[in-house]
Amino acid sequence: MNKSKLLKRFRMLSRVMSNRGDITINLTGNRCYTDYNSITLPVGDLENPDYLELLEGAIDHEVGHLRWTDRTWTAKSYEKGAFFNAIRNGIEDIRMERMVCLEWPGAILNLSKMVTQSIKKGWFSKPTDSFPPSLLLQAVVVYYGRYKINDQVQLKEFCEIAIALLTDCIGQKPVHDLILLLDTIPALRSNQHSYELTEQIIQLLKKIEFKPGDSQGDDSGDSQGQNSSVSQQVINFVNECLNADESQLMADLHEQVNNELEKMADEVRSSNDMEQLIDFNAPLISKNDRGTVGTAELNLAKRLSTPISRELHKIIYGLDRKSVNFSKQGRTVEANRLAGVKAGNFNVFKSERITKAPTMAISVLVDRSSSMSAVEMNGANTSALAINLAIDKLKGVNSECIYFSAGDLYEAKCFKSTTKAVKDNFRVSSRGGTHTGLSLYSVIRRLSLRVEQKKVVFIITDGQASDLKYLEKSIEMSELLGIQIVCIGINTGMLYGFENQELLNIQTVEELPSILKQVIKNKLIA
């Protein structure tokens, strides 16, 4: 299956399964991540069946989490410690994947193949008596739930071995009670319920008491001493479970799959085929952002918007064109040309034509990556706010403001809205990587469809893009389309990938008006 068909299929699945039009699948780069509105998966060898099986399983698994897993309870689970979270995560994966399969039966095969890959790669391994207590109990939860509840029959043997080993460690009745709790997973309706079931399992462990009937040994002899010894073993087993760290637990399947996909992507990273994906993977624009918890200085932005508007006015309306022509007939005679009549030059009638400045669309593209400190982010927010407030005062000029890092883009202001109406949207905090190239590509594609005669991108950033190949292609495309780029650096001496563009660097927001004078002087917008 070629890349475009594969991506089209994944996006269709995401829309159908998620029941949300704003969840999309991006197949690009060599890293896995989600921003809870989109899923980005890395490009591997599309001829490799292992890669495809993991990829399709990851799609179904991640879309399921986006639709059915409440992150609030995941965060609370982490606070409870490694063992608690591992058990809760195992239960939630089983519950969530079951919901996926009920909603979309085709996912049954994809998730089953992902389990087969997990066994093949050793992420799901056959339990042995050398397993630490925490890993053994986790194996029972994961293998029993996946085999008995989700019908992933590849895990039947692992499940039976894990139950037998756990029975030897803590007795038959506690294991029986644990299984009864796990059998309630189909009735769970939320991540909160998974959390609460984990609490019940922890309470079950804490209440385990050894009883003579639990022992499979001979009751003759010094049974009291034997029972005391076995009881202490059970206590030790439970304590080791409750105090386990991540090294004594099964790694999260989500992380295992993602790491393997990234590894596979790295193996084909040098392939030129990756560049072909740019047409299919431009980040989408989201109007909602959970990261609007940063700062922006509204009063300063308002104060600076007037001088900024004045400078932009000079730039934009300086594009008025005045042309003068001379001909043999007309209404206005240019006296200075009369002397040429004797020489046969009869073009003495003067005509003037003034072409008004073109309408203009400006995209302000703002870096919100994790390299931006709180101070720099405040400066970028305030700068973006000031520029957009200034543009609102100019006739024939429209603007939008887009924030980027890795993943989808955040639209703080659209072309149709006024900046004043959405001023609170500019309080953006930093996070994630620096996908300048793909983000610029997305903005260029949008600008190219605008009706305005001239298009410009103002980029506000602090440094190096992490996708230089895409940045190179995006800049090349902007040149072909006649879209100009103005780079404004925040406390940086160089913007990697923009070496051929002139850098306008600011240390403080107050420097913006003088920086825009530099735009005029150097004719960066022509």
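Refer to the structure presented above.
Note that the structure is predicted; figures quoted are calculated from it, not measured. (Residues numbered from 1 in each chain as written. Predicted model: local features only at pLDDT ≥ 70, side-chain atom pairs only at ≥ 80, totals over all residues. Heavy atoms only, no water.)

Novice: Requested: an account of the nonpolar core, with residues and values cited.
Specialist: Counting residues in each nonpolar core, the largest one holds 74 residues, and the members touching the most others are Leu41, Tyr143, Leu182 and Leu261. Listed in part, the 44 residues of the second largest apolar core include Leu300, Ala384, Ile387 and Leu389. (Core = buried A, V, L, I, M, F, W, Y, C linked by side-chain atoms within 4.5 Å. Buried < 20%, exposed > 50% of the residue type's maximum accessible area, 1.4 Å probe, protein only.)

Novice: Which residues make up the pattern of salt bridges, and what values do they have?
Specialist: By the definition in use, this model includes 14 salt bridges. The partner of Arg146 in a salt bridge is Glu97, and the shortest N-O contact between them spans 2.9 Å. Residue Arg146 is found in helix α6 (residues 133–149), and its partner Glu97 is found in helix α4 (residues 82–103); the two are separated by 49 residues along the sequence. Among the ionic pairs, Lys156 bridges to Glu160, the shortest N-O distance being 2.8 Å. (Salt bridge = Lys/Arg side-chain N within 4 Å of Asp/Glu carboxyl O. Helix = DSSP H or I, 4+ residues; strand = E, 2+ residues; numbered from the N terminus.)

Novice: Tell me about the packing of helix α14 (residues 436–447) against helix α15 (residues 468–481), and name the residues and values.
Specialist: One way to put it is that α14 packs onto α15 with a least axis distance of 7 Å and a crossing angle of 25°. The orientation of α14 with respect to α15, classified from their angle, is roughly parallel. Where α14 crosses over α15, the two elements pack in a sense that is left-handed. For the pair α14 and α15, the contacting residues are Thr436, Gly437, Leu438, Leu440, Tyr441 and Ile444 in the first and Tyr470, Leu471, Ser474, Ile475, Met477, Ser478 and Leu481 in the second. Residues of the contact of α14 with α15, tallied by class, amount to 9 nonpolar, 4 polar and no charged. (Axes fitted to C-alpha atoms, helices over the stretch in contact; angles between N-to-C directions. Parallel < 35°, antiparallel > 145°, perpendicular 65-115°, else oblique. Left-handed = near helix turned anticlockwise from the far one by under 90°. Contact = heavy atoms within 4.5 Å. Nonpolar A, V, L, I, M, F, W, Y, C, P; charged D, E, K, R; others polar.)

Novice: An account of the layout of surface pockets is needed here, citing residue identities and associated values.
Specialist: Empty space within the largest pocket amounts to approximately 960 Å³. As for the largest pocket, its lining consists of 38 residues, of which Tyr78, Arg88, Asn89, Asp252 and His254 are closest to the centre. Residue assignment for the lining of the largest pocket shows that the elements contributing at least two residues are β2 (33–34), α2 (49–68), α3 (71–79), α4, α6 and α11 (253–267). Here the lining of the largest pocket takes 9 residues from α4, the largest share from any one element. For the lining of the largest pocket, the class distribution of residues is 15 nonpolar, 12 polar and 11 charged. (1 Å grid on protein atoms, 1.4 Å probe; cavity = no way out; pocket = protein on both sides within 12 Å on 5 of 7 lines; lining within 4 Å. Points joined across faces, edges and corners; volume = space filled by probe spheres on them.)

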